[in-house]
Amino acid sequence: MATSWTLPDHPKLPKGKKVAVVVLDGWGEANPDKYNCIHVAQTPVMDSLKNGAPEKWRLVKAHGTAVGLPSDDDMGNSEVGHNALGAGRIFAQGAKLVDSALASGKIFDGEGFKYIKESFENGTLHLIGLLSDGGVHSRLDQVQLLLKGASERGAKRIRVHILTDGRDVLDGSSVGFVETLENDLSQLREKGVDARIASGGGRMYVTMDRYENDWSVVKRGWDAQVLGEAPHKFKSAVEAVKTLRAEPGANDQYLPPFVIVDESGSAVGPIVDGDAVVTFNFRADRMVMLAKALEYADFDKFDRVRVPKIRYAGMLQYDGELLLPKRYLVSPPEIERTSGEYLVKNGIRTFACRHAVEIAEKARDALLSGKFDQVRVNLPNGDMVGHTGDIEATVVACKTADEAVKIILDAVEQVGGIYLVTADHGNAEDMVKRNKSGQPLLDKSGAIQILTSHTLQPVPVAIGGPGLHPGVKFRSDIETPGLANVAATVMNLHGFEAPADYEPTLIEVADN
Ligand SMILES: O=C(O)[C@@H](CO)OP(=O)(O)O
Ligand SMILES: [Mn+2]
Ligand SMILES: [Mn+2]
């Protein structure tokens, strides 16, 4: 059916107001205590928005099923949060699609698996990805099912190239994940499958760079995974991770690259002609660079030295425009008719900016230029610094983010516009691991367990600005709204009604 792109006029709200959509990255709402960096930081701007509750400030869900993740135990993240914000509907995300494909077994009947399977007879199957149960980029239980399924379907020689996490899970948890995997692999060996961990390294230092920020990260991984070369050589991955973690200042996110060697000192699992490779992360952003290195014939980002002829498949296709990689085990979510597409087709000129320096100044300039009807920005501070686990630095980051919001709201004031301030998921509002009753958990030495990850907390949505119709307020009849309700809300602020199948708007207009 052809899509009708024309949005109906909103019965009460005018067109032509400039709208600023501000997304605070990693900014959730949690109980005020000393591990809540947003609470500790001076955040006068966000505090004043909160004073508009319940009519102009409210909370929405930003994790779990509200953003298309398998369960409400899954924390939110940038990918799924922004997808929900933009799509206005809840689409099953990568984690969930892989779960269903594994549960039904369909993953093993698909084109992608059939393709790599052709290497099982004479080649090695290599699995490369993030080893944790964080559920943001990958999940250990999915890797376990993949190992089981591949070995039952003829894979005789398997090599796993692990990336340690410490960002979506506690720092130090790498040891346990490696032990679990080693145990699984030894069980496979008992069944006659030659299965081993072949290489590893910390995700932020080895392989999982993004946006082509630093190719040397990918090169370090390439050298270990493909060439079998790394500065550190160990007899087992458990020994590797334990030894490297014992170095002063060591941290799972940044472990140096290592390879596992046999008795004679040779790497046990370089990637060679005739092998199959699966990158098992379902999330795209931090796999795209490796996928390019593995797949592109023309490649000049670093010297690959040796380019093995392999059959390569991603867990998902990581870039739908580049069709990268060409082969994949599970089809990615088909998010169509996004609010961004609708707004463009209804004449709304949008300026969007994220992950750049001086984002707030750019947003201010874009608003004041008059060239745009919507200015949408993502302010990364709270999340980026929250991932380091450094509480003091995160407090500073929250203050800076609050100042950035002020720059944008001042510009909204000047142009008589409207703002909507929200967040994509939590992070900075809770920096400590807690027990069920909310008390901070201590480790064996009595130190608090720092939480570097995102959280399960809800995030705020605040609206206002001189251009906002005075009768607008948050509805009280939507009980558990989530990020997907924001898209219809933004369409309303532009004077449009949202498409009927979008999650309902958060606002209503009282007659006055
Ligand atoms: O850094 C990342 O890759 C993830 C955490 O794993 O964070 P975000 O979803 O905020 O990008
Ligand atoms: Mn984010
Ligand atoms: Mn993050």
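Placed above this text is the structure.
Sequence order as written defines the numbering, with residues in each chain counted from 1. Think of it this way: whatever chain is written first is A, whatever ligand is written first is 1, and the rest follow in order. Residues qualify for local features only when their pLDDT is at least 70, as the model is predicted, and side-chain atom pairs are given and counted only at 80 or more; totals for whole chains, interfaces and linings, by contrast, use all residues. Derived side-chain values reflect all non-hydrogen atoms in the structure, with water molecules and hydrogen atoms excluded from consideration.

Chemist: Would you explain the sheet that holds strand E10 (residues 328-330) in this entry?
Modeler: Through backbone hydrogen bonds, the strands of a sheet pair up, either in parallel or in antiparallel fashion. Paired strands, as defined in this entry, are two strands with at least two bridges between them according to DSSP. Secondary structure is summarised from DSSP: a helix means a run of H or I of at least four residues, a strand means a run of E of at least two, and numbering begins at the N terminus for each. Read from one edge of the open sheet, eight strands run E6-E7-E5-E4-E3-E8-E9-E10, paired in mixed fashion. Edge strands, defined here as strands with exactly one partner in the open sheet, are strand E6 (232-234) and E10. Going from strand to strand, the sheet's axes swing by 20° on average, the running direction of each strand aside. Bridge count between strand E5 (residues 194-202) and strand E7 (residues 258-260): two bridges; the pairing is antiparallel. Axis definition: a line fitted to C-alpha atoms, over the contacting stretch in the case of helices. Angles run 0 to 180 degrees between N-to-C directions.

Chemist: I'm lost on the site of ligand 1 in this one. Help?
Modeler: For ligand 1, the set of nearby residues contains 14 residues, the closest of which are Ser78, His137, Asp168, Arg283 and Arg286. The side chain of Arg286 places a nitrogen or oxygen atom 2.6 Å from an oxygen atom of ligand 1. Look at ligand 1: alone it shows 310 Å² of surface, and the protein chains cover 99% of it. Side-chain classes are defined by residue name, with Ala, Val, Leu, Ile, Met, Phe, Trp, Tyr, Cys and Pro counting as nonpolar, Asp, Glu, Lys and Arg as charged, and the others, Gly among them, as polar. When its residues are assigned to classes, the shell around ligand 1 shows one nonpolar, six polar and seven charged. Segment limits for the domains were obtained from an automatic or database-derived domain assignment. Counting contributing residues, the shell around ligand 1 receives three or more from each of domain 1 (19-92 + 335-509) and domain 2 (95-330). The rule for a residue being near a molecule or strand is that one of its heavy atoms must lie within 4 Å of it. Here a polar contact is taken to be a pair of N or O atoms separated by no more than 3.5 Å, where protein atoms must pair a possible hydrogen donor with a possible acceptor and residues adjacent in sequence count only if both atoms sit in side chains. We get accessible surface area from the Shrake-Rupley algorithm with a probe of 1.4 Å; when it comes to residues, only the shown protein chains can shield them.

Chemist: Is there a simple way to think about the coordination of the manganese ion (ligand 3) in this case?
Modeler: Tetrahedral coordination by four donors places them ideally at 109.5 degrees to one another around the metal; octahedral coordination by six donors ideally gives 90 or 180 degrees. For Na, K and Ca the donor cutoff is 3.2 Å, while for all other metals N, O and S atoms count as donors only within 2.8 Å; water does not appear among the atoms, so some sites may look incomplete. Donor atoms from the polypeptide that coordinate the manganese ion (ligand 3) comprise Asp383 (OD), Asp383 (OD), His387 (NE2) and His454 (NE2), at 2.1 to 2.6 Å from the metal. Viewed at the metal, the six donor atoms of the manganese ion (ligand 3) are separated by angles of 54 to 171°, and the geometry they form is irregular. Between the two metal centres, the manganese ion (ligand 3) and the manganese ion (ligand 2), the spacing is 4.6 Å. Each residue's exposure class comes from its accessible area (1.4 Å probe, protein chains only) as a fraction of the maximum for that residue type: buried when under 20%, exposed when over 50%, partly exposed otherwise. Take Asp383: its relative accessible area is 6%, and that puts it in the buried class. A four-donor site is classed as tetrahedral when every donor-metal-donor angle falls between 85 and 135 degrees; four donors are called square planar, and six octahedral, when trans pairs exceed 155 degrees and all remaining angles lie between 65 and 115, with any other arrangement labelled irregular.

Keep in mind these numbers describe shape, not what the thing actually does.
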